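Commentary on secondary and tertiary structure
Residues per chain are reported as follows:
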Amino acid sequence: MVIDLDKCTGCGACAVACQQENNVSFRPDESDKLRTIAWMTLYRLDNGKDYPEHREAMLPRPCMQCDSPHHSPCTFVCPVNATVRDEHTGIVDHIAVRCIGCRYCMVACPYHARSFNWWDPKWPKTMEAMLSPEVSPRMRGVVEKCTFCHHRLNRARDRARINGEDPDGVVYTPACAEACPTGAITFGNLRDPHSDVARLAKDPRAFRILEKLHTEPKVYYLSSDQWIHKQSDNDLS
Amino acid sequence: MGEVKNSTSKKGLGIVFFLAGFVGALILGWVVFPNLLYSSKTQPVTFLHSSHEDSSCEDCHYFRDDGSYSGVPGVAKCAECHEEPMTESEDERILVEEYIQQEREIPWLVYAWQPDNVYFSHAAHTEEQGIECVRCHRDVSAEEKMPVYKENRITGYSKNTMKMVECEKCHAEKGASNSCHICHK
Amino acid sequence: MSLGRRAFLQFVGGAIGGTLLTPIPWKLADDSAIWTQNWSWRPSPERGEITETTGTCLLCPGGCGIQARLVNGHRAIYVKGNPDHAVSRGGLCPVGAAGLQYLYAPYRITQPLKQTGKRGDPQGFQPIAWNEALKIVADKLAAVRKKGLPHTVACITGQDRSSVTDLWKQFFAAYGSPNLYTMPRHSDSTRLAVALATGYDADLGFHLEKATYVLNFGAPLLEGWAAPVRIQQIFSRWQTEQPGLPKTELVHVESRCSLTASKADRWIACKPGTEAALALGIAHVLIREKLYDAAFVSEKVFGFEDWTDAAGALRKGFKALVLAKYSPKDVAAVTGVDAQVIQELARELARQKNAVVLWGQSSDTPNNLYHDLAFLALNALIGALSDKAMVSLVPSQPWQALPEPAMDLEAFKGLGQKPLGQPTSVPKTKVRPNTLHAFLNALANGEEYPIELLFVHEANPAYGLSENTLAVQALQKAGMVVSFASYLDETAAYADLILPNHNAFERLDDVIGLPGAPFAFYAVATPILKPHYDTKSTGDVVLGLAKTLGGTVAQSLPWKNYEEVLKLRAAKIAEGATGLLVDATFDPASVEPGVSLRANFKKAADVWKKLTAGSCWVEAPQALDACTTPSGRFELACQGLLASVSTNAGDELFMAHYKPLPPSGNAGELPLLLTTYRSLSLAPGYVPNAPFMNKLLPDDLLLKQDVFVEVHPETARKLGLRHKAKAVLKTPLGEAPVRVRVAPTVPADVVALPEGLGHTAYDEYVQGKGVNANSLVEVHLDPVTGLGTVWATRAQLRLA
């Protein structure tokens, strides 16, 4: 996935579409950011300068789907194999029903990409009608995170199968990329050198967050603002 | 000697007690417990595949264009033939009057029901791929009456719900991926 | 033999051994683990066939095409943009993406309700049958008309781009009342400005697709301006290098460091509300250095040079006044922008081939007429209104859709009455001034005449109107209040009768015209699923009421149902045989004013079929060759204002000039200026924030129930306020508890408050969060147009 921060206007359509698609639960008060559940979060960055040199930007953050086999921090610490990096697709799977809620992975994840179900997910009765059968609702006491909408991958593979196409050659779009009004989010197969994502990942504007940790995130960002590049390293040296 | 004998007989008696507990537990565990664990339920309407031999399997169980599988057909499908009762059967009367005419779906008890967190792809398990339907489902072709539906009192699953270990075993044997997201959602 | 302790232990030992060889322990452990995975109180979504339907989002005027995924045809689980749609091309904003949370909201009104207690008593609403409810309204309408007081029936609608509004217009004309209002928008004042300058009743369309340079005075482009998704996509195009095309430069003028300011190529920070002065300063440089489009100005513009008015008096022209009053030095003092920068901007603007000037305010409220005229004048000077048509005039109604209403004497008498509260100075143009604030003021204060019956349709003035307490007071004074709300909102709470409309996703409706777009536009919104409560389309209700009233009212609204009215639109399009039915391949840059598009359709049935399948009809706007002003030209000096200003008025009063309306209150007691801002993550309009959207709000914007105001570090230091401190924000309208976000996003002595919070209605996910900005801002009635304008309010911030 490549997210173009020059195009991103921080509107939040990606995050809302993600919540709708993935049955993410919500509560009356969502302002405790340590306890709120969000697979896609928008962070506000600023250049630290005074008025009128001040500038702000929004940075959407899905799960980075870290690629490094030994540094993918969450999978490394999970005691029950509930979160595992899939060799084939590169997706870092997290199976909520297997999770025992120890939250080691949350501690390990340097991107805060994981959320814990502190409460039973509860929808207003009338809103249970909008829950999708494509993603199972989670329960209290487990961790959850962005899956790159892998249920859409499964659907796309099934469609290919019945049409006699190669299920391994399918392309699909996650909810966030689909909703983005500015087309800031590009999704595809990084391993395919001809894909848009592979080309964009080599763009001079491209960077990854906390690259120095060698977690090898599969989410690239594009920005022409140097101050944004600089913050991506969080002063790690 | 008497003392020794006495102790031997005591020992023999001890084995009896031990065996009594042992055998009792076995009976409890293998005979009584399975019956206790499952409640028996009957289907809301009796449906016999054998009475529908004028239709092909694919008339009701087919792949949709998006690759998903229709599974158990909805009442709209039944209504295609049973708008009005075709026979005198009581079950058909129930079907027509309580479901078709009221546009209510039949709350079938699905023997092979999988929970919400499981994504099962029928498209990847077809006869063309060498997997017969009866590998997982019962053979319905000659069925005279519907089997009793056994529901696990703790989990609420059907007794016939396939467990993950079986999926994994077959996937491993066939060299299919055992990645979590292949089967979970 | 007795069973001793030993025997018992042996038995137990055997039992344990045996049990270990049975499935009991393993099965129980496994099953209880599974039980915890499937707690019965966790909802299990119904499975089934997933299908897609197409529709048009009606949650804002943006007209986005949507697709919804349904399970088994009756349960909507996901909304996405329609990739084939001509305008939104698959994009969506967060409000649209969260649209299902309105459809399935617990605060939906599920059936007609009647207030049985005192007005405003939330416990007093009782269900009532549709026919009884409609009879009450029809009887009231008949009785009022019988008394000869049809003008005492009024309506406030928030849906100004739908055929329902045309039905209301038709109904009010035939019934005989001038008191039909829409919720205030910026277009209320720009349309008056356009009417005065050109004689046309038209909305402004900006050719942003063609622009190479955009000078934007305060319009919140990325925070939900005009048709939000269209603007987002144009912005995205500006960010993309396109081979062979120059990159579009966006220069943004605003006092606050908004996202638009941050994302612009250049941000010019000015003092709050001084954008118009800066525009005139730039005009000054353009004129002084002869950088303006001289050909356009000399051929098509009136009032640039000195002129003689109808009475024969010689009056100064725009050139003379601007040269005299808006030198960069003077303007620098007003705006805080360097004189050097003003000159630079003017020269840069003049150098561009395709430049356009945009303007607006954070809130979509009417602007000071003279300021609107100033931005319009700047566009005229750079030739944006010439044949280049960077700015074009899009008729607010592309065709006369409904026949002339039949009017009896009663209707003529009623319609001839002065709209309640409207000042006499209001300029007489083709545009009906939407003087809602003046109306509510008069109603609340019992002036002129009472209102016997007030309809409120798709509007929530008790929350969403600037100075919303005025709306609350007015609602309490009206004889009878009938609401068509789908949700139990702040305004519906004051209704005597609620006749709930279908929700935005459930009803058949239409979208006439796209705000800010340089082409005429029409789209039909088809429901994405069947209404699931006992609600009725307001269009059908209006037609039904007309039928019951009979006579000329029934004659004027002869249609069987609302669908027939929409089909009539399709027929009109087919009959007109111009314009195109388009999908995502439509390129707005190909539309030229005055050059009608050759129709790609013939039969009305065809047009209807395509429109309901998600196609949009577009047509070129008219060319600006013949203005219908007294001079027949584009008037910088608006002669249409002669009747509105006194005969000995200064020359300035006919044309653009900078004149902020002074905020009330004492600068000593209220030393700060309060400005409000909006964000796409906060729904400020008819619908409140959906629960999903609340997740987007950072915890230094909303923390528990507290909203944060932005304050510059220097101001915070002066006031002794730390970051996150609790404070009290006070304006002449009242005070409210807030918290402080210390950030250099605003200049010193300015407080910025977000719009869209502070609801008191709806449910626990919405109410009680933060402060309603509308309850603290001050409305200034424009002395010429009578419209309620908002720009800045004096304020005080003190530690709580």
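Rules used throughout
Residues numbered from 1 in each chain as written. Chains lettered and ligands numbered in written order. Predicted model: local features only at pLDDT ≥ 70, side-chain atom pairs only at ≥ 80, totals over all residues. Heavy atoms only, no water. Helix = DSSP H or I, 4+ residues; strand = E, 2+ residues; numbered from the N terminus. Rg over C-alpha atoms; globule rule 2.2 N^0.38 Å. Buried < 20%, exposed > 50% of the residue type's maximum accessible area, 1.4 Å probe, protein only. Contact = heavy atoms within 4.5 Å. Areas by Shrake-Rupley, 256 points an atom, 1.4 Å probe, with all protein chains shown as cover. Pairing = 2+ DSSP bridges. Buried area = accessible area lost by both parts, 1.4 Å probe. Salt bridge = Lys/Arg side-chain N within 4 Å of Asp/Glu carboxyl O. pLDDT = per-residue confidence, 0-100. Phe/Tyr/Trp six-rings, centres within 6.5 Å; stacked < 30°, edge-to-face > 60°. Lys NZ or Arg CZ within 6 Å of the ring centre and 35° of its normal. Domains from an automatic or database assignment. Polar contact = N/O pair within 3.5 Å; in protein donor to acceptor, adjacent residues only side chain to side chain. Nonpolar A, V, L, I, M, F, W, Y, C, P; charged D, E, K, R; others polar. UniProt positions renumbered as here; feature names shortened; annotations may be inferred. Axes fitted to C-alpha atoms, helices over the stretch in contact; angles between N-to-C directions. Patch = residues over 30% accessible without salt bridge, like charges linked within 9 Å, V, L, I, M, F, W, Y side chains within 5 Å. Lys, Arg positive; Asp, Glu negative; His and termini not counted. Charge placed at Lys NZ, Arg CZ, Asp CG, Glu CD. Parallel < 35°, antiparallel > 145°, perpendicular 65-115°, else oblique. Left-handed = near helix turned anticlockwise from the far one by under 90°.

**What to know about the overall build of chain C**
Counting its regular elements, chain C contains 25 helices and 33 strands. Computed over C-alpha atoms, the radius of gyration of chain C comes to 29 Å, within 12% of the 28 Å expected from 2.2 N^0.38 for 800 residues, which places it in the range of a compact globule. Taking the principal axes of its C-alpha atoms as reference, chain C extends roughly 135 × 70 × 55 Å. Buried positions account for 64% of the 800 residues belonging to chain C. Taking all contacts inside chain C whose residues are at least 6 apart in sequence as the whole, residues at least 24 apart take part in 74%. As displayed, chain C has an accessible area near 28200 Å², and 54% of this comes from carbon and sulfur atoms.

**Points about the sheet that holds strand 4 (residues 113–115) of chain C**
Residue and element names in this part refer to chain C. Across the sheet, seven strands lie side by side as 5-4-19-18-17-6-7; this open sheet has mixed pairing. Only two strands of the sheet have a single neighbouring strand rather than two, namely strand 5 (125–127) and strand 7 (180–182). Where strand 4 lies against strand 19 (residues 497–498), two bridges are found, and the strand directions are antiparallel. Bridging from a neighbouring strand, Lys114 pairs with Leu497 of strand 19.

**Quick look at the interface of chain C and chain A**
Taken residue by residue, the interface counts 71 residues in chain C and 63 residues in chain A. Carbon and sulfur atoms make up 58% of the surface buried where chain C meets chain A, a total of about 5700 Å² over both sides. Contact with chain A buries area across many residues of chain C, yet Tyr78(C), Phe692(C) and Lys695(C) alone supply 13% of it, more than any other trio. Where chain C touches chain A, the interface holds six salt bridges.

**Remarks on the confidence of the model for chain C**
Detailed conclusions should not be drawn from predicted coordinates in areas where pLDDT is low. Per-residue confidence for chain C gives a mean pLDDT of 93; residues scoring 70 or more make up 100%. Both confidence scores are given for the complex: pTM 0.94, ipTM 0.95.

**Quick word on the packing of aromatic side chains**
Residues and elements named next belong to chain C. Taken as a whole, this structure holds 32 aromatic pairs over all chains when the rule is applied. Ring centres 6.1 Å apart and planes at 45° place the aromatic pair Phe206 and Trp225 in the tilted group. Separated by 19 residues along the polypeptide, Phe206 in strand 8 (residues 202–206) and Trp225 in the loop between strand 9 (213–217) and helix 8 (228–239) bring together distant segments of the chain. Linked through ring pairs, Trp168, Phe171, Phe172, Tyr175, Phe455 and Phe484 together constitute an aromatic cluster. Its guanidinium or amino end placed over the ring of Tyr677, Arg256 lies 3.6 Å from that ring's centre, counting from NZ or CZ.

**A closer look at the interface of chain B and chain C**
Size of an interface, as often reported, equals the accessible area lost when the parts are brought together. On the chain C side, the residues contacting the 27 residues of chain B number 32 residues. For the pair chain B and chain C, the two sides together bury roughly 2400 Å², of which 66% comes from carbon and sulfur. On the chain B side of the interface with chain C, the three residues burying the most area are Phe17(B), Asp116(B) and Ile154(B), jointly 24% of the side's total. Counting across the interface, chain B meets chain C through three salt bridges.

**With respect to the domain arrangement of chain C**
Residues and elements named next belong to chain C. As far as domains go, chain C holds domain 1 (12–37), domain 2 (50–103), domain 3 (208–389) and domain 4 (672–799). Summarising the inter-unit geometry, the C-alpha centres of domain 2 and domain 4 are found 31 Å apart. Counting from both sides, the interface comprises seven residues of domain 2 and, opposite them, 10 residues of domain 4. On the domain 2 side of the interface with domain 4, the three residues burying the most area are Pro94, Gln101 and Tyr102, jointly 66% of the side's total. At the boundary of domain 2 and domain 4, one finds zero salt bridges. Our count for the domain 2 to domain 4 interface comes out at three residue pairs in polar contact (both at pLDDT 80 or more). Among the elements of the structure, helix 3 (94–97) and helix 4 (100–103) are those that each provide at least two residues to the side of domain 2 that touches domain 4. Here the residues of the side of domain 2 that touches domain 4 are counted per class, giving six nonpolar, one polar and no charged.

**A word on the domain arrangement of chain B**
All names here are of chain B. Under the domain assignment used here, chain B contains domain 1 (1–39) and domain 2 (42–52 + 108–185). Summarising the inter-unit geometry, the C-alpha centres of domain 1 and domain 2 are found 39 Å apart. At the interface, five residues of domain 1 touch seven residues of domain 2. A combined buried area of about 610 Å² lies between domain 1 and domain 2, and 49% of that area is made up of carbon and sulfur atoms. Inspection of the region where domain 1 meets domain 2 yields zero salt bridges. For the side of domain 1 that touches domain 2, the secondary structure elements donating two or more residues are helix 1 (2–37) and strand 1 (38–41). At three residues, the largest contribution of residues to the side of domain 1 that touches domain 2 is made by helix 1.

**A short note on the UniProt feature "domain: Class III cytochrome C" (unreviewed entry) in chain B**
In this numbering, the UniProt entry assigns the feature "domain: Class III cytochrome C" (unreviewed entry) to residues 40–92 of chain B. Span residues 40–92 of chain B is 28% helix and 4% strand, its end C-alpha atoms 23 Å apart.

**As for unusual backbone geometry**
Look at the link from Tyr51(A) to Pro52(A): it is a cis peptide, with omega at -5°. Positive phi is not limited to glycine here, since Asn72(C) has a value of about 50°. Tracing the sequence through the fold places Asn72(C) in the loop between strand 2 (65–71) and strand 3 (75–81). The exposure class assigned to Asn72(C) is partly exposed, which follows from its relative accessible area of 37%. Despite not being glycine, Arg89(C) has its phi angle at roughly 45°, a positive value. Mapped onto the secondary structure, Arg89(C) falls in the loop between strand 3 and helix 3.

**A short note on the environment of Leu167(C)**
Residue and element names in this part refer to chain C. Mapped onto the elements, Leu167 comes out in helix 6 (residues 163–175). For Leu167, a relative accessible area of 0% puts it in the buried group. Here the alpha-carbon distance between Leu167 and Ser362, two residues 195 residues apart in the chain, equals 31 Å. When neighbours within four sequence positions are excluded, Leu167 is seen to be in contact with Leu402, Gly539, Val542, Leu543, Leu557, Trp559, Tyr562 and Val565.

**Description of the sheet that holds strand 3 of chain C**
All names here are of chain C. Taken in spatial order, the three strands of this open sheet run 1-2-3, and their pairing is antiparallel. The open sheet has two edge strands, strand 1 (50–56) and strand 3, and neither has a second partner. Strand-to-strand, the axes of this sheet are offset by a mean angle of 30°, without reference to chain direction. Bridge count for strand 2 against strand 3 is six bridges, and the pairing is antiparallel. Paired with Val71 across the strands is Arg75, a residue of strand 3.

**A closer look at a negative patch on the surface**
Residues and elements named next belong to chain B. Together, Glu53, Asp54, Glu58, Asp59, Glu127, Glu128 and Glu132 line one region of the surface with negative charge. Within the secondary structure layout, Asp54 lies in the loop between strand 1 and helix 2 (57–60). Residue classification places Asp54 among the exposed positions, given a relative accessible area of 73%.

**Focus on the UniProt feature "domain: Cytochrome c7-like" (unreviewed entry) in chain B**
UniProt feature "domain: Cytochrome c7-like" (unreviewed entry): in the numbering of this structure it lies at residues 118–185 of chain B. In residues 118–185 of chain B, helix accounts for 22% and strand for 6%; the two terminal C-alpha atoms are 6 Å from one another.

**Re the side chain of Arg145(C)**
All names here are of chain C. Secondary-structure assignment places Arg145 in helix 5 (residues 130–146). The class for Arg145 is buried, based on a relative accessible area of 16%. Residues in contact with Arg145, not counting those within four places in the same chain, are Pro150, Ala174, Tyr175, Asp408, Glu410, Ala411, Thr552 and Val553.

**Re the packing of helix 6 of chain C against helix 20 (residues 538–549) of chain C**
Residue and element names in this part refer to chain C. Where helix 6 meets helix 20, the axes come as close as 9 Å, and the angle between the chain directions of the two elements is 20°. One element, helix 6, and the other, helix 20, form an angle in the roughly parallel class. Of the two possible hands of crossing, helix 6 and helix 20 adopt the one that is left-handed. Together, Val164, Leu167, Trp168, Phe171 and Tyr175 of helix 6 and Thr538, Gly539, Val542, Leu543, Leu545, Ala546 and Leu549 of helix 20 make up the contact between the two elements. Looking at side-chain class alone, the contact of helix 6 with helix 20 contains 10 nonpolar, two polar and no charged residues.

**Structural notes on the pattern of salt bridges**
Taken as a whole, this structure holds 70 salt bridges over all chains when the rule is applied. The salt bridge partner of Asp203(A) is Arg205(A), with a shortest N-O separation of 3.6 Å. Take Arg205(A): its relative accessible area is 23%, and that puts it in the partly exposed class. Notably, a salt bridge pairs Glu305(C) with Lys319(C), separated by 3.5 Å at the nearest N-O pair. In this pair, Glu305(C) is assigned in the loop between strand 12 (301–302) and strand 13 (307–308) and Lys319(C) in helix 12 (residues 318–325), connecting sequence segments 14 residues apart. Since its relative accessible area comes to 28%, Lys319(C) is described here as partly exposed.

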